[in-house]
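Topology and contacts: notes
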Amino acid sequence: MKNLKYIILSFLAIGFLACENDTLDDLRNRGNTDTEPLPELTAGSADFSNYVALGASFTAGLSDGTVFLAAQENSFPKIMADKFANAGGGVFTQPLVSDNFGGLAAGGARIAGPRLVFGGAGPVGLESVIGPVTVGTDIVLNNPVGPFNNLGIPGAKSFHLVAPGYGNISNFPAAANPYAVRVTGNAPNATILELALAQNPSFFSISEIGGNDVLGYATTGGDGTNPITDTATFDASLNAIVGGMTANGAKGVIGNLPDITSLSHFTTVTHNPLEPSNPAFGPLIPTLNTLFGALNDVYAFLQFQGAIDDAATRTVMFSDSEASAMVIVDENLDNISTLITQTLLGNPAFPAFIAQFGLPPAAAPQVAGLLGLVYGQARQATADDLFVLPSASVIGTVNSNFSLFLQSQGLPAATANQFAVEGVTLPLEDKWSLLPEEQAEIAIATDAYNATISSVASSNGLALVDLNSILEEAATTGVEFDDFIHNTDLVFGGLVSLDGIHLTSRGYAFMANAFLQAIDDTYGSNFEASGNLAKADDFVTNYSPLLQ
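Cut-offs applied
Residues numbered from 1 in each chain as written. Predicted model: local features only at pLDDT ≥ 70, side-chain atom pairs only at ≥ 80, totals over all residues. Heavy atoms only, no water. Helix = DSSP H or I, 4+ residues; strand = E, 2+ residues; numbered from the N terminus. Buried < 20%, exposed > 50% of the residue type's maximum accessible area, 1.4 Å probe, protein only. Lys, Arg positive; Asp, Glu negative; His and termini not counted. Salt bridge = Lys/Arg side-chain N within 4 Å of Asp/Glu carboxyl O. Polar contact = N/O pair within 3.5 Å; in protein donor to acceptor, adjacent residues only side chain to side chain. Contact = heavy atoms within 4.5 Å. Pairing = 2+ DSSP bridges. Axes fitted to C-alpha atoms, helices over the stretch in contact; angles between N-to-C directions. Core = buried A, V, L, I, M, F, W, Y, C linked by side-chain atoms within 4.5 Å. Phe/Tyr/Trp six-rings, centres within 6.5 Å; stacked < 30°, edge-to-face > 60°.

**Some details on the side chain of Asp64**
- Within the element layout of this structure, Asp64 appears in the loop between α3 (57-60) and α4 (69-73).
- No salt bridge is formed by the buried Asp64; its nearest oppositely charged neighbour, Arg115, is found at 4.8 Å.
- Side-chain polar atoms of Asp64 contact the backbone nitrogen of Leu498, separated by 3.0 Å.
- When residues no more than four places from it in sequence are discounted, the contact partners of Asp64 are Arg115, Leu116, Ser497, Leu498, Asp499 and Tyr543.

**Considering the pairing of strand β1 (residues 51-55)**
- Counting buried positions along β1 gives 5 out of 5 residues, so the element sits mostly inside the fold.
- Residue alternation in β1 divides its side chains into two sets, Tyr51, Ala53 and Gly55 and Val52 and Leu54, and both sets are buried.
- Sheet topology places β1 next to strand β7 (residues 203-206); 4 bridges connect them, and they run parallel. Bridged to Val52 within β7 is Phe204.
- Relative to strand β6 (residues 150-152), β1 runs parallel, the two being bridged by 3 bridges. When the bridges of β6 are listed, Leu54 appears paired with Leu151.

**Thoughts on the sheet that holds strand β8 (residues 251-255)**
- In space, the 5 strands of this open sheet follow the order β6-β1-β7-β8-β13, with parallel pairing throughout. Only two strands of the sheet have a single neighbouring strand rather than two, namely β6 and β13 (463-465). For this sheet the average axis-to-axis angle between neighbouring strands, irrespective of direction, equals 15°.
- Relative to β8, β7 runs parallel, the two being bridged by 4 bridges. Note that in β8 the partner of Phe203 across the bridge is Lys251.
- Set on the sheet, helix α5 (residues 76-84) makes contact with β1, β6, β7 and β8; between it and β1 the angle comes to about 165°.

**Examining the nonpolar core**
- Core analysis: the biggest nonpolar cluster contains 151 residues, and Met80, Phe318 and Tyr375 have the highest contact counts within it.
- Of all the elements, helix α21 (residues 505-523) adds the most residues to this core, at 11 residues.
- Those residues within four positions of Met80 in sequence are excluded, and the remaining contacts are Tyr51, Val253, Ala512, Phe515, Leu516 and Ile519.

**Focus on the packing of aromatic side chains**
- As enumerated under the stated definition, the model contains 22 aromatic pairs in all.
- Note on Phe48 and Phe84: the rings are 4.1 Å apart at their centroids and 10° apart in plane angle, and the pair reads as stacked. Of this pair, Phe48 sits in the loop between α2 (24-29) and β1 while Phe84 sits in helix α5; the two residues are 36 residues apart in sequence, bridging distant segments of the chain. Residue Phe48 shares its accessibility class with Phe84, and that shared class is buried.

Structure (structure tokens):
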């Protein structure tokens, strides 16, 4: 053992003497098997001296449900501009908001925000954690002074960017966007495109043009209040935007549109959230199955009579051993309200049936009419249905308005409440769900938009970023970003912020890298090869509630 001690000391001494003979560079490179230096950064054929970004929420850096200061500083165009600065890029000015509370006000009245934060179990409003705050960014009182290199307008559809007066506060709220109001300055009727062209950009980016053209339809459950923009309007808008931006020889990069239904805003809420172990639901299963059993018999009878052919689709049954699907309105089903009511009234046992629920037999006509009204287009959800994130706070709650309506029809309050439970006895209305037919409409529009984007990019020599494929990979296998594997899961996926649609700081960094790599491929720059891509560790995935 004593000899081993001296052998070790001898080796240490030899190592120390060897170090004395090393140069400083030798010591720096020791253990580095790749000593070849990185190449110098070059812009290739691109000129980044005056970069302007056009787009919507992603371009603006919106995150966690609103725009706030830290998120703007980590917008993907700002991240790109910081890299462009190393290759001849100039100053990049953004319409920064006042603070990290987020949101907007108009003459002191709050119109958006504050931001969402992680509340331990999921997204919650900032004020529920830190108490009331004052939204300090006011489109009447303190708009910033432009011009701005970042012209990302949250909520803007393709045609809005070429619409005069979209940023004129006198048109708000009917026909103006508050975020557009903040960038128009002394030219309130100028289009967003005109504001960009006035800066004579040498390089530009265009992102998520067309995203809001389908997103508004999706987030309202395809209920018809926010229709998808027709392809002809989108095509004309995009051609006008790209034609204007390239007229003086500027080069640029454009991203196509992802399948927005793969975002966590549409994938977090499951179709079968009704657990028998839930004390508010489980004990009611026998009673619920008695009620729906009668309706199921009606569907079977109507199918036997040849009046309908989809009795199995409409059948509702709750399990006492596994999670059950909620009950929803399906506007694609034939409305058989009258048939349900007539069939129930034609059944002599119906008055005795409703007596089980504490209702007088004399109320049979009234109850039959209500059941027909409520379940004329009802079915249980399937795995093919998607549900918007806000529906999580609605499912299983009592719809007070419907309960009061039932009480006005003579039902006792307790019984009315039982018949007004969202997604259980009261079918979840259309605005909370995206049915397969509605998802298909979104997919068709997205494919058409992307075909135009690809064609326009090719004919104008623009770099094209395939955001569609990137999001598909993120939503399925996840994507690698330095030492991390990130996906689109809410809160813990790393890419998508707490609103389920917009990106985290790290998500925007990943997006910026995709744009820089496309620029390398098209214009011969070498941001990637020279080590000038964004690093994951420099960007957070969740902002603290204490960030103010």
